[in-house]
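Summary of structural features
Residues per chain, in single letters:
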Amino acid sequence: MDRQLELAIVGESGSGKTTTGLAILRLISSQGAISFDGNRIDNLKEKSLRPLRKDMQVVFQDPYGSLSPRMSVLQIVAEGLEIQNPSMSQSAREAEVAESLQEVGLDPANMHRYPHEFSGGQRQRIAIARALALSPKFIMLDEPTSALDMSVQAQVVELLRRLQDKHGLSYLFISHDLKVVRALANEMIVMRAGKVEERGPAAEIFAHPQSDYTKALLSAAFLSSMKS
């Protein structure tokens with residue numbers, strides 16, 4: 001399958017990365033045109049947006065804070081299915097949850113356990129399974145690896161690549177970790193103080209950054225590796 005879009009938004013803290021992503025998903029108000037799957041969505045009311053929500057999912061930064069401690073893994077992953085397809089039977093929901101957990105490398109036999117019983121990397125896989133359960137076309141990943149150690153980061157990046165190849169997903173990857181971005185993104189936007197500083201193919205920006213701000217970001221991110 002041809003590789004789908006992996007757009008990364010990068011920049012220092014407070015540059016507007018997450019705000020931009022939330023606006024694209026219509027989770028906060030904004031101005032300007034927003035299109036999804038070829039259709040304008042910025043002028044849609046919430047009732048009209050609701051059927052599209054299953055196609056636009058999000059995985060947040062903190063795998064400890066984004067999962068309710070009072071809900072089992074089954075309840076967490078099935079929550080969107082219950083909202084989008086309330087007529088689905090309990091057994092059918094459990095089967096969908098089991099499939100989603102398998103796809104992210106977790107044992108479905110553990111679906112009745114609670115988030116505190118899992119490691120940080122496993123919790124992030126649960127969050128990915130929750131997004132995946134609705135068969136979305138687009139997933140926004142907001143710093144999905146920043147709370148994980150280096151070895152687990154690599155595993156999550158590889159998982160995201162595999163899921164993208166299998167399902168034809170498009171990703172919006174928000175991160176300040178340019179090493180992870182270089183491994184994952186094919187397009188990139190560099191933001192500074194709420195404005196786009198630079199944008200284009202990720203490989204070109206990494207090889208030939210145009211703005212002084214981008215050059216400084218890349219230098220800071222890769223200085224240690226260049227010295228080693």
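Here's what I pulled together on the structure shown here. Just so it is clear, the structure is predicted and the values come from calculations on it, not from any experiment.

Here is what the cut-offs are and how they apply
Residues numbered from 1 in each chain as written. Predicted model: local features only at pLDDT ≥ 70, side-chain atom pairs only at ≥ 80, totals over all residues. Heavy atoms only, no water. Helix = DSSP H or I, 4+ residues; strand = E, 2+ residues; numbered from the N terminus. Rg over C-alpha atoms; globule rule 2.2 N^0.38 Å. Buried < 20%, exposed > 50% of the residue type's maximum accessible area, 1.4 Å probe, protein only. Contact = heavy atoms within 4.5 Å. Areas by Shrake-Rupley, 256 points an atom, 1.4 Å probe, with all protein chains shown as cover. Lys, Arg positive; Asp, Glu negative; His and termini not counted. Charge placed at Lys NZ, Arg CZ, Asp CG, Glu CD. Expected span 1.5 Å × (residues − 1). Salt bridge = Lys/Arg side-chain N within 4 Å of Asp/Glu carboxyl O. Phe/Tyr/Trp six-rings, centres within 6.5 Å; stacked < 30°, edge-to-face > 60°. Lys NZ or Arg CZ within 6 Å of the ring centre and 35° of its normal.

**Let's talk about the overall build of the protein chain**
For the protein chain, the helix and strand inventory stands at nine helices and eight strands. Here the C-alpha radius of gyration of the protein chain, 18 Å, is about what a compact globule of 228 residues would show, namely 17 Å. Taken along the three principal axes of its C-alpha coordinates, the protein chain extends 55 × 45 × 35 Å. Across the 228 residues of the protein chain, 47% fall into the buried class. Within the protein chain, contacts between residues separated by at least 24 positions form 66% of all contacts whose residues are at least 6 apart in sequence. Counting every atom, the protein chain has about 11800 Å² of accessible surface; 50% of that belongs to carbon and sulfur. Taken together, the 26 basic and 27 acidic charged side chains of the protein chain have centroids lying 4 Å from each other.

**As for the environment of Gln57**
By secondary structure assignment, the location of Gln57 is in strand β4 (residues 56-59). Residue classification places Gln57 among the buried residues on the basis of a relative accessible area of 14%. Distance from Gln57 to Tyr171, taken between C-alpha atoms, is 9.7 Å for residues 114 residues apart in sequence. With residues up to four places along the chain from it excluded, the contact list for Gln57 reads Arg130, Ala131, Leu134, Pro136, Phe138, Ile139 and Met140.

**Quick word on helix α4 (residues 90-103)**
For α4, built from 14 residues, the straight-helix expectation of 20 Å at 1.5 Å per residue is met to within 8% by its first-to-last C-alpha distance of 20 Å. Where α4 is concerned, the buried positions are Arg93, Val97, Ala98, Ser100, Leu101 and Glu103. In this fold, the buried residues of α4 make contact with α3 (73-84), α5 (120-132) and α6 (150-167).

**Side note on the pattern of salt bridges**
Evaluation of the coordinates by the stated rule reveals seven salt bridges. Residues Asp42 and Arg40 are paired through a salt bridge, measuring 2.5 Å at the closest nitrogen-oxygen approach. Residue Glu117 pairs with Arg113 through a salt bridge whose shortest N-O separation is 3.5 Å. A relative accessible area of 36% means that Glu117 is categorised as partly exposed. The class of Arg113 is partly exposed, set by a relative accessible area of 28%.

**Overview of the packing of aromatic side chains**
In this description, a pair of aromatic rings is defined by centroid distance and the angle of the planes. All told, the structure shown has one aromatic pair when counted by the stated rule. The ring of Phe118 carries the charged tip of Arg113 above its face, separated from the ring centre by 4.7 Å.

By themselves these figures say nothing about function.
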